[in-house]
Amino acid sequence: MRDDPTRLAEQVSTVLRHLVLLLRRTVAGQPVTSQQYAVLGSLEPGPRRMTELAEEHAVQLPTMTVQINRLEDAGLVARGSDPADARVRTVELTGEGRDRLLAVRRARIAHLSQELAALTDDERATLAAALPVLAKLGRDPRNPR
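Described below are features of the structure shown in this document. Since the model is a prediction, treat every value here as computed from it, not as a measurement. (Residues numbered from 1 in each chain as written. Predicted model: local features only at pLDDT ≥ 70, side-chain atom pairs only at ≥ 80, totals over all residues. Heavy atoms only, no water.)

Considering the environment of H57
Part 1 of the argument: Structurally, H57 can be placed in the loop between α3 (50–56) and α4 (61–73).
Part 2 of the argument: Apart from residues lying up to four places away in sequence, H57 is in contact with A38, V39, S42 and M64. (Helix = DSSP H or I, 4+ residues; strand = E, 2+ residues; numbered from the N terminus. Contact = heavy atoms within 4.5 Å.)

Here's the deal with the sheet that holds strand β1 (residues 48–49)
Consider a sheet: its strands pair through backbone hydrogen bonds, and that pairing is either parallel or antiparallel.
Part 1 of the argument: The strand order across the open sheet built from three strands is β1-β3-β2, with neighbouring strands paired in antiparallel fashion. Each having just a single partner strand, β1 and β2 (77–82) make up the two edges of the open sheet.
Part 2 of the argument: Where β2 and strand β3 (residues 85–93) come together, six bridges link them in antiparallel fashion. Across the sheet, the residue bridging to A78 is E92, located in β3.
Part 3 of the argument: Against the sheet, helix α2 (residues 34–43) contacts β1, β2 and β3, and its axis sits at roughly 115° relative to β3. (Pairing = 2+ DSSP bridges. Axes fitted to C-alpha atoms, helices over the stretch in contact; angles between N-to-C directions.)

Details of the pattern of salt bridges
Part 1 of the argument: Counted under the stated rule, the structure contains nine salt bridges.
Part 2 of the argument: With a closest N to O distance of 3.1 Å, R48 and E52 form a salt bridge.
Part 3 of the argument: Given a relative accessible area of 34%, E52 falls into the partly exposed group.
Part 4 of the argument: Ionic pairing is found between D82 and R49, a salt bridge with its closest N-O pair at 3.0 Å. Taken as a pair, D82 in strand β2 and R49 in strand β1 lie far apart in primary sequence, 33 residues in all. (Salt bridge = Lys/Arg side-chain N within 4 Å of Asp/Glu carboxyl O. Buried < 20%, exposed > 50% of the residue type's maximum accessible area, 1.4 Å probe, protein only.)

Some thoughts on the packing of α2 against helix α5 (residues 95–117)
Part 1 of the argument: It is the contact of α2 with α5, at a shortest axis distance of 10 Å, that shows an interaxial angle of 115°. α2 and α5 meet at a crossing whose hand is left-handed. Residues S34, Y37, L40 and G41 of α2 touch α5, and the partners they reach there are G97, L101, V104, R105 and R108. (Left-handed = near helix turned anticlockwise from the far one by under 90°.)

What follows is the structure in structure tokens.
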């Protein structure tokens, strides 16, 4: 059964769904939604084009524009221009946006640390050994960021 890619894909999908829900619960009630947190994380390395963000998050440009408008209204992102092409609009984190991103990350890591502490040493070792494979699955060949 372990060699059946379809069955394994079903199991990975189920486990990842539960992990995503676990992470979302850690920020429930925070002023930043999980989707907004994901967008802030995409901006951490530096300014990005709106079209790049929409593609990365698999949404239409108008949907990303709504998210960016909300984040901008909250003072978490700022719009700018691409120095190579003034027609292109970019988005970047503000200082407050970076602080909020780090606060959410700290909350998630603290929660996950508690969950991981409840595992056995062998279970944590197994999880650590699986991380490179999970990272390989998560890479987008179109976007090596």
